[in-house]
Amino acid sequence: MDATLTFLGTGTSMGVPTLGCDCAVCADAASPTGDPRNRRTRPSVLISWEGHHVVIDTGPDFHAQAIRAGIRRLDAVLYTHGHADHVLGMDDLRPLSFHNPDSLPLYADEATAGTIERIFDYTFRKHDRYATSARVRLHRLSSEPGAAVDLFGARFLRVPITHGRHTISGYRFGSAAYLTDLSAIPADSLPLLTGLDVLVLDALRHEPHPTHSNLANSIALVEQLKPRRAFFTHMSHDLDHETTNATLPPHIRLAYDGLQVHFDIAPDDHAA
Ligand SMILES: [Zn+2]
Ligand SMILES: [Zn+2]
Ligand SMILES: [Zn+2]
């Protein structure tokens, strides 16, 4: 079952260019003649197959990303965690949810669902709900490794990953996995990540960071998990696209906003 993964955004929480920064990468990203691959909006991906469209995370850039990618309808949204760079665009689902005869389903783990309900209280409260709020229904994912969401013949498995002191949600779907905002992968999650064609991984910068994987650590994770191809995301202004890519082996590439990758989303035997 052919599917396309579109990188809607590949930047870290502050985006690139970063406000107030004059570094070479931010200057290049801000210049009309600069490398557009250095312009990184907040992290999100669109997964499309057989006319169905699912987004993972809706950050503060979701409106502009949806226009750029030509998103006209959505079937579901999966959330990784409740940080601002991943959830603040939820309200921009409103016009996409109004056409849905049923509510647009959102999937999140317990902590993330609680954060979304707090931020967007006017959408979820039972009484005096704002009349033109998003027509969404929030579904809570079990914290068990491999909890699954079945959508239109595809199966999205929750892959618990470590993000500093928290455990958040990565996802595996068919032969691809999307693991953003991770500092480590717990041993229990490793069996969910075998036999991958496409692995998308957090790679924030060169230097170590307490809550994110850096470039060297992400390269080591690729060597451990052995996907056929790996793409790095959630990148800061530390990583110039062209010069950093030139240092990587050919099966590992920095992602960039708008990049599309094709893969097979048919459920495999990890869906036990
Ligand atoms: Zn983030
Ligand atoms: Zn900068
Ligand atoms: Zn985060």
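Below, the structure is looked at part by part. (Residues numbered from 1 in each chain as written. Chains lettered and ligands numbered in written order. Predicted model: local features only at pLDDT ≥ 70, side-chain atom pairs only at ≥ 80, totals over all residues. Heavy atoms only, no water.)

Quick word on the coordination of the zinc ion (ligand 1)
Argument step 1. D85 (OD), H86 (NE2), D181 (OD) and H234 (NE2) make up the full set of protein donors to the zinc ion (ligand 1), lying at 2.1 to 2.3 Å.
Argument step 2. Each of the 4 donor atoms around the zinc ion (ligand 1) contributes to a set of angles spanning 90 to 165 degrees, which defines the coordination as irregular.
Argument step 3. For the zinc ion (ligand 1), the donor residues sit on a single chain with the sequence spacing D-H-x94-D-x52-H.
Argument step 4. The metal-metal distance between the zinc ion (ligand 1) and the zinc ion (ligand 3) is 3.5 Å, with D181 coordinating both. Highlighted residues: D85 in helix 3 (residues 84-87) and H234 in the loop between strand 12 (229-233) and helix 8 (241-245), separated in sequence by 149 residues. By the burial criterion, D85 is buried, and H234 matches it. (Donors = N, O, S within 2.8 Å, 3.2 Å for Na, K, Ca; no water. Tetrahedral: all angles 85-135°; square planar, octahedral: opposite > 155°, others 65-115°. Helix = DSSP H or I, 4+ residues; strand = E, 2+ residues; numbered from the N terminus. Buried < 20%, exposed > 50% of the residue type's maximum accessible area, 1.4 Å probe, protein only.)

Points about the coordination of the zinc ion (ligand 3)
Octahedral six-donor coordination of a metal ideally yields angles of 90 or 180 degrees, compared with 109.5 degrees for tetrahedral four-donor coordination.
Argument step 1. For the zinc ion (ligand 3), the protein coordination sphere consists of H81 (NE2), H83 (ND1), H163 (NE2) and D181 (OD), at 2.2 to 2.4 Å.
Argument step 2. In this structure, the zinc ion (ligand 3) is surrounded by 4 donor atoms whose angles at the metal cover 88 to 169 degrees, and the resulting shape is irregular.
Argument step 3. Look at where the donors of the zinc ion (ligand 3) fall in the sequence and you get H-x1-H-x79-H-x17-D.

Looking at helix 7 (residues 215-225)
Argument step 1. What helix 7 keeps buried is the set L215, S218, L221, V222 and L225. Along the axis of helix 7, the buried positions cluster into a sector of 120 degrees, meaning they face one direction only. Away from its buried face by more than 90 degrees, helix 7 exposes A216 and E223.
Argument step 2. Against the buried residues of helix 7 lie strand 11 (198-202), strand 12, helix 8 and strand 13 (252-254). (Arc of directions from axis to C-beta. Contact = heavy atoms within 4.5 Å.)

Thoughts on the sheet that holds strand 5 (residues 104-109)
Argument step 1. The sheet built from 7 strands is open, its strands ordered 6-5-4-3-2-1-14 with mixed pairing. Single-partner strands in this sheet number two, and they are strand 6 (136-141) and strand 14 (260-264). For this sheet the average axis-to-axis angle between neighbouring strands, irrespective of direction, equals 25 degrees.
Argument step 2. Bridge count for strand 1 (residues 2-9) against strand 2 (residues 44-49) is 5 bridges, and the pairing is antiparallel. Looking across to strand 2, one finds that L5 is bridged to I47.
Argument step 3. Strand contacts of helix 2 (residues 62-69): strand 1, strand 2 and strand 3 (52-56), with the helix running at about 135 degrees to strand 1, the strand carrying the most contacts.
Argument step 4. Across the sheet, helix 5 (residues 110-119) touches strand 5 and strand 6, and the angle it forms with strand 6 is around 150 degrees. (Pairing = 2+ DSSP bridges. Axes fitted to C-alpha atoms, helices over the stretch in contact; angles between N-to-C directions.)

Observations concerning the sheet that holds strand 13
Argument step 1. In space, the 7 strands of this open sheet follow the order 7-8-9-10-11-12-13, with mixed pairing throughout. The open sheet has two free edges, formed respectively by strand 7 (148-151) and strand 13, since each of these has just one partner strand. Mean inter-strand twist for the sheet, computed between neighbouring axes without regard to direction, equals 25 degrees.
Argument step 2. By the bridge criterion, 3 bridges tie strand 9 (residues 166-173) to strand 10 (residues 176-179) in an arrangement that is antiparallel. Bridge pairing in strand 10 places F173 opposite A176.

A closer look at the environment of A176
Argument step 1. Relative to the assigned elements, A176 resides in strand 10.
Argument step 2. Judged by its relative accessible area of 0%, A176 falls in the buried class.
Argument step 3. As a C-alpha pair, A176 and L199 span 23 residues in sequence and 5.7 Å in three-dimensional space.
Argument step 4. Not counting the four nearest positions on each side in its chain, A176 is found in contact with Y171, L196, V198 and F263.

Observations concerning helix 2
Argument step 1. Along helix 2, the positions that sit buried rather than exposed are F62, Q65 and A66. For helix 2, the buried positions fall inside an angular range of 100 degrees around the axis, keeping them on one side.
Argument step 2. Positive phi appears at G70, one or two residues downstream of helix 2, with a value of about 70 degrees.

A short note on the pairing of strand 5
Argument step 1. Counting buried residues in strand 5 gives 6 out of 6 residues, a clear majority hidden from the surface.
Argument step 2. Burial of strand 5 is two-sided: the residues L104, L106 and A108 facing one way and the residues P105, Y107 and D109 facing the other way are all buried.
Argument step 3. Pairing geometry for strand 4 (residues 76-78) and strand 5, over 2 bridges, is parallel. In the strand pairing of strand 5, L78 is matched with Y107.

Considerations on the side chain of N38
Argument step 1. Mapped onto the secondary structure, N38 falls in the loop between helix 1 (24-30) and strand 2.
Argument step 2. A distance of 3.0 Å separates a polar atom in the side chain of N38 from a polar atom in the side chain of D28.
Argument step 3. A polar atom in the side chain of N38 sits 2.9 Å from the backbone nitrogen of H241.
Argument step 4. When residues no more than four places from it in sequence are discounted, the contact partners of N38 are V16, V25, D28, A29, L239, D240 and H241. (Polar contact = N/O pair within 3.5 Å; in protein donor to acceptor, adjacent residues only side chain to side chain.)

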